[in-house]
Amino acid sequence: MTRNTYLEVRLPLEEEPLLLMARLVRSGLFDQYVVYENASGWSLAGDILASVRLSGHEAWDLGKVGARLAETPVAGWRAYGWVKFELGAVLAGAEPQSMETLLDLIVPSDEVRCDATHVLVRSLTAERRNLLVDHVREGGAAAPPVPAGRMALSLEDTGTYQASVTAALVELQGQGPLEKVILSRRVPLPGEVDLVASYVAGRRANTPARSFLLDLGGIQAAGFSPETVAEVTTDGHVTTRPLAGTRSRTGTAGNDARLRSDLLGDPKEIHEHAISVKLALQDLDEVCEDTNVSEYMTVLDRGSVQHLASTVTGRLRPGHGPWDAFAALFPAVTATGIPKAQAYPLIRALEGNPRGLYAGAVLTCDADGTLDAALVLRSVFRMGGQSWLQAGAGVVRQSRPEREHEETCEKLRSVAHHLVPSDHTARNP
């Protein structure tokens, strides 16, 4: 197969990457886009050269994703996209609830990547490449301030969430195998939000493992992911980083230290974390050898909260690839339940609506076999004329409904305090 080649220009980085990404999104150059920040830098995918979408029964086999991407008519590609939470139940063998798209990946015709010192501009045509180079070079001047106004938003329960936790406790105390279930609630936004400005404001205030800003396949979202679902290197090493167990961050060193000590000594939180790490290990064991847990039950700061955290690793067995690792780990145990298969129907019954992108993944995967998938939490969503936030908490037998509600509020503040109303929209973030 004849492959095209990206035309590339490498430029010195003269602008904060966050602002560069936001400014390029504002430029109007792209009908659809994905911005993704990982541990090594930032990248922006603009417009679509090739795509892979899965829905219905075809989503049972993620092996076809790699096969379809391998047919991409350009060398050195990187694919970007999202996966909805409901794919997890289909991977577990459940009948699809609808024919909606569950996985949407694009290989872009235009791409901009930033590391600590340089910007790489890539496009399939010299005209588009030069246009992108011109836009990149416009940066470097003093950045305009993020608008000061923020959306006023109540995070209180409407009365149904604590009742759902109570119902889940009845199931957990029964004779079945269910040990944990994560229940979430939506908070509708009272008006339109400027997603780009909110992304800039939220990213400056948060400490995420990954961040993203996207408009793809009818979904718009900005998020500050606290953890990764799967990280796969080109030589087959797989890492997942489960977070489970939460306390707030107050901004006061003494209070935060007291809350951290409380978190590390709370039997409920320790139990919730330990069983989550155990399942993450079991998931990796399906496709990996040499599985291991490191950095066990440390505490990580993530925006308005602090979490118990561990790192679980393994090495792919011969014959397995990055999509096998993703299928084994998705959805994240920290956003689903234990066992996952028993958690899906309870989540659907008690939450009442499909989650969609919430608790799914935003990811990149490369032609060299690397894959990086962020868990979609601490995010703002827009779809079908509606905008909302969503947050959940892990319910185990020791849970108290009022505490789980409080935990959702703590997590929601990571995003809610940084929402810029759309009437503040300017041409710059």
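Here is a short report on the structure shown in this document. (Residues numbered from 1 in each chain as written. Predicted model: local features only at pLDDT ≥ 70, side-chain atom pairs only at ≥ 80, totals over all residues. Heavy atoms only, no water.)

## Looking at the overall build of the protein
Looking only at helices and strands, one finds 11 helices and 19 strands in the protein. Computed over the C-alpha atoms, the radius of gyration of the protein is 21 Å, within 12% of the 22 Å expected from 2.2 N^0.38 for a compact globule of 429 residues. Each of the 429 residues in the protein was classed as buried or not, and the buried ones make up 59%. Look at the contacts in the protein between residues 6 or more apart in sequence, and 75% of them connect residues 24 or more apart. Of the roughly 16700 Å² of accessible surface on the protein, a fraction of 50% belongs to carbon and sulfur atoms. Here the protein carries 42 positive and 53 negative side-chain charges, and the mean point of each set is 2 Å from the other. (Helix = DSSP H or I, 4+ residues; strand = E, 2+ residues; numbered from the N terminus. Rg over C-alpha atoms; globule rule 2.2 N^0.38 Å. Buried < 20%, exposed > 50% of the residue type's maximum accessible area, 1.4 Å probe, protein only. Contact = heavy atoms within 4.5 Å. Areas by Shrake-Rupley, 256 points an atom, 1.4 Å probe, with all protein chains shown as cover. Lys, Arg positive; Asp, Glu negative; His and termini not counted. Charge placed at Lys NZ, Arg CZ, Asp CG, Glu CD.)

## So, the pattern of salt bridges
Going through the model one piece at a time under the given rule, you end up with 37 salt bridges. A salt bridge links E272 to K180; its shortest N-O distance comes to 3.3 Å. Placement of E272 in helix 8 (residues 267-285) and of K180 in strand 7 (residues 180-188) is noted, with a sequence separation of 92 residues between them. In this structure, D262 engages R247 in a salt bridge whose closest nitrogen and oxygen atoms are separated by 2.8 Å. Taken as a pair, D262 in helix 7 (residues 253-264) and R247 in strand 12 (residues 243-248) lie far apart in primary sequence, 15 residues in all. Under the relative-accessibility criterion, R247 is labelled buried at 7%. Counted as one network, the salt bridges with shared partners bring together K180, R247, D262, D266, K268, E269, E272 and E404. (Salt bridge = Lys/Arg side-chain N within 4 Å of Asp/Glu carboxyl O.)

## Considerations on the packing of aromatic side chains
For the structure shown, the criterion picks out 5 aromatic pairs. Centroid distance Y199 to F224: 6.0 Å. Interplanar angle 10°. Geometry classified as stacked. Linking Y199 in helix 6 (residues 195-205) with F224 in strand 9 (residues 219-225), this pair joins segments that are 25 residues apart in sequence. Of the residues examined, Y199 reaches a relative accessible area of 0% and is grouped as buried. (Phe/Tyr/Trp six-rings, centres within 6.5 Å; stacked < 30°, edge-to-face > 60°.)

## Regarding the packing of helix 1 (residues 17-26) against helix 6
The angle between the axes and the distance between the axes are what describe a pair of packed helices. Contact pair helix 1 / helix 6: the axes reach a minimum separation of 10 Å and the direction vectors enclose 170°. Between helix 1 and helix 6, the interaxial angle falls into the category roughly antiparallel. Residues L18, L19, A22, V25 and R26 of helix 1 pack against V196, A197, Y199, V200, R203 and R204 of helix 6. The residue makeup of the contact of helix 1 with helix 6, split by class, is 8 nonpolar, no polar and 3 charged. (Axes fitted to C-alpha atoms, helices over the stretch in contact; angles between N-to-C directions. Parallel < 35°, antiparallel > 145°, perpendicular 65-115°, else oblique. Nonpolar A, V, L, I, M, F, W, Y, C, P; charged D, E, K, R; others polar.)

## Concerning the environment of V74
Among the secondary structure elements, V74 is positioned in the loop between helix 2 (63-69) and strand 4 (78-83). V74 sits in the buried class, given a relative accessible area of 0%. For the pair V74 and S109, spaced 35 residues apart in the sequence, the C-alpha separation amounts to 9.3 Å. For V74, the residues in contact, after removing those within four places along its chain, are R3, N4, T5, Y6, L49, V107 and L124.

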